[in-house]
Amino acid sequence: MTLYSKIIGTGSYLPQQRVTNADLTAQLAAKGIDTSDEWIVSRSGISARHYAAPDELSSDLAVAAARQALAMADKQPHEIDLVIVASSTPDYYGSFPSTACIVQRKLGMGNGSAAFDVQAVCSGFIYAVSVADAFIKAGAHKNVLVIGAEVFSRILNFEDRGTCVLFGDGAGAVVMSASDTPGILASKLHADGSYADILSVPGNLANGAIAGSAFLYMDGPAVFKLAVTVLEQVATEVLEAAGMSAGQVDWLVPHQANIRIMKSTARKLGLPMEKMVVTVDQHGNTSAASIPLALDAAVRDGRIQPGHTVLMEGVGGGFTWGAVLARM
Ligand code: ACO
């Protein structure tokens, strides 16, 4: 009997502090930096984002999202045998212990489950789902908790209006389990390190301090150009791998970076806007958390139903990109 992996529960969490474009415009104006709701909405589609409290870490957001996903999946924490966290803002600057290990501890799993982080920036959730799918299909793990969690507000330079208005904090989670029916239908991952410099946090640790910058740097127009090209390519690839056409997709759940990139991808695939889940307007770009946050929103409001075919795709620093086609 073929073994498949299936998403059996979703969850998400947004920190309490909601920051509208008007809030941010006022905050930046106090520093003499000029921006406007009109500029932010017209260039990105973003109206608001959430910021974590000073004492909230990625693992805290991750745990809140995970609890919801576990409840929907009707699983107890001790039934999970692998935790994967995708994050570019891990709890510890040196990246260890992994945020996945902290999540395991905070969930009180205490069952010796494997736990590790995946680093693929905004493609991180797609990478993590693909890894979980492969582990489940190989028979190595049965119930996997996959989480995207970010506190990007911590790496934003509020002197750089070209980036600080675009990002927000949040977490989304799924429980993936072994199943005798599909499941994840296909997945494709890619990277091209020659584009490493267009989106990065260009700092290194040296002598216990940061040499360089601890803030996010982005060449927006270069990212935009690359994103629209690779997202269409990988979506087509994953559909081909599953032997399906775009017309058979019920929902497109893309990385929520910029509404213009999202609309362009939907248009190139011939999918109407009504089939695309959009949360970027209220969440901003939450990097690895954006796809599971959007997925959970559409599952909970009843748009995504059991049996629906969902195309998820992401693109991010590295440069990395990938897509997952899932039957819910
Ligand atoms: N408010 C007002 N003006 C601004 C702001 C702002 N917040 N930010 C930049 N500007 C100005 C610039 O200074 C520039 O002015 P100038 O022409 O006088 O120099 C002008 O607006 C145009 O700037 P561009 O950067 O060319 O604007 P563009 O239309 O390309 O939009 C944006 C910028 C929104 C960043 C766009 O390039 C983009 O979306 N890129 C992709 C970003 C993305 O998707 N990133 C995430 C993917 S990967 C990941 O998620 C980590």
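Reading the values: the criteria
- Residues numbered from 1 in each chain as written.
- Predicted model: local features only at pLDDT ≥ 70, side-chain atom pairs only at ≥ 80, totals over all residues.
- Heavy atoms only, no water.
- Pairing = 2+ DSSP bridges.
- Helix = DSSP H or I, 4+ residues; strand = E, 2+ residues; numbered from the N terminus.
- Axes fitted to C-alpha atoms, helices over the stretch in contact; angles between N-to-C directions.
- Contact = heavy atoms within 4.5 Å.
- Near = heavy atom within 4 Å.
- Polar contact = N/O pair within 3.5 Å; in protein donor to acceptor, adjacent residues only side chain to side chain.
- Areas by Shrake-Rupley, 256 points an atom, 1.4 Å probe, with all protein chains shown as cover.
- Domains from an automatic or database assignment.
- Buried area = accessible area lost by both parts, 1.4 Å probe.
- Salt bridge = Lys/Arg side-chain N within 4 Å of Asp/Glu carboxyl O.
- Nonpolar A, V, L, I, M, F, W, Y, C, P; charged D, E, K, R; others polar.
- Patch = residues over 30% accessible without salt bridge, like charges linked within 9 Å, V, L, I, M, F, W, Y side chains within 5 Å.
- Buried < 20%, exposed > 50% of the residue type's maximum accessible area, 1.4 Å probe, protein only.

1. Things to note about the sheet that holds strand 8 (residues 184–191)
Inference 1: Pairing is mixed in the open sheet, where four strands are placed in the order 8-15-14-13. Two strands in the sheet have a free side with no partner beyond their single neighbour: strand 8 and strand 13 (251–254). If you compare each strand with its neighbour and ignore which way they point, the axes differ by 10° on average.
Inference 2: The sheet contact formed by strand 8 and strand 15 (residues 320–327) spans seven bridges and is antiparallel. Within strand 15, the residue paired with Leu-189 across the bridge is Gly-322.
Inference 3: Contacting strand 8, strand 14 (309–316) and strand 15, helix 5 (residues 124–137) runs over the sheet at an angle of about 130° to strand 8.
Inference 4: This element, helix 7 (residues 220–242), spans strand 8, strand 14 and strand 15 of the sheet and lies at about 145° to strand 8.

2. Some points on the site of the ligand
Inference 1: Surveying the vicinity of the ligand reveals 24 residues, the closest of which are Thr-35, Arg-43, Cys-122, Asn-258 and Asn-285.
Inference 2: For the ligand, an oxygen atom lies 3.3 Å from a polar atom in the side chain of Trp-39.
Inference 3: Asn-258 places a side-chain nitrogen or oxygen 2.4 Å from an oxygen atom of the ligand.
Inference 4: When the ligand is considered free in solution it has 1,000 Å² of accessible area, and contact with the protein chains removes 73% of it.
Inference 5: Residue assignment for the shell around the ligand shows that the elements contributing at least two residues are helix 2 (37–44), helix 6 (161–164), helix 7, helix 8 (259–269) and strand 14.
Inference 6: For the shell around the ligand, the element with the most residues is helix 7, which contributes four residues.
Inference 7: Residue-level mapping places the shell around the ligand at the junction of two domains, with at least three residues from each of domain 1 (4–181) and domain 2 (185–327).

3. Overview of the domain arrangement of the chain
A common way to express how large an interface is: the accessible area buried when the components associate.
Inference 1: Looking at the assigned domains, one finds that the chain contains domain 1 (4–181) and domain 2 (185–327).
Inference 2: For domain 1 versus domain 2, the distance between C-alpha centres works out to 14 Å.
Inference 3: Counting residues at the interface gives 52 residues for domain 1 and 45 residues for domain 2.
Inference 4: Taken as a group, Tyr-93, Cys-122 and Ile-126 account for 17% of the area that domain 1 buries against domain 2, more than any other trio of residues on that side.
Inference 5: Between the two partners, domain 1 and domain 2, sit zero salt bridges.
Inference 6: Contributions of two or more residues to the side of domain 1 that touches domain 2 are made by strand 1 (4–13), helix 2, strand 3 (48–51), helix 3 (58–73), helix 5, strand 6 (143–151), helix 6 and strand 7 (169–179).
Inference 7: Top element by residues in the side of domain 1 that touches domain 2 is helix 5. It accounts for seven residues.
Inference 8: A class-by-class count of the residues in the side of domain 1 that touches domain 2 yields 24 nonpolar, 21 polar and seven charged.

4. Structural notes on a nonpolar patch on the surface
Inference 1: On the surface, a nonpolar cluster with roughly 360 Å² of combined accessible area is contributed by Tyr-93, Val-201, Leu-205 and Ile-210.
Inference 2: Relative to the assigned elements, Leu-205 resides in strand 10 (residues 203–206).
Inference 3: What makes Leu-205 exposed here is its relative accessible area of 53%.

5. A look at the sheet that holds strand 1
Inference 1: If you trace the five strands from one edge of the open sheet to the other, you get 1-7-6-4-5, paired in mixed fashion. With one partner strand each, in any of the chains shown, strand 1 and strand 5 (114–118) form the two edges of the open sheet. Strand-to-strand twist across the sheet, computed as the mean angle between neighbouring axes with direction ignored, equals 20°.
Inference 2: Sheet topology places strand 4 (residues 82–86) next to strand 5; five bridges connect them, and they run parallel. Looking at strand 5, one finds that Ala-86 is bridged to Val-118.

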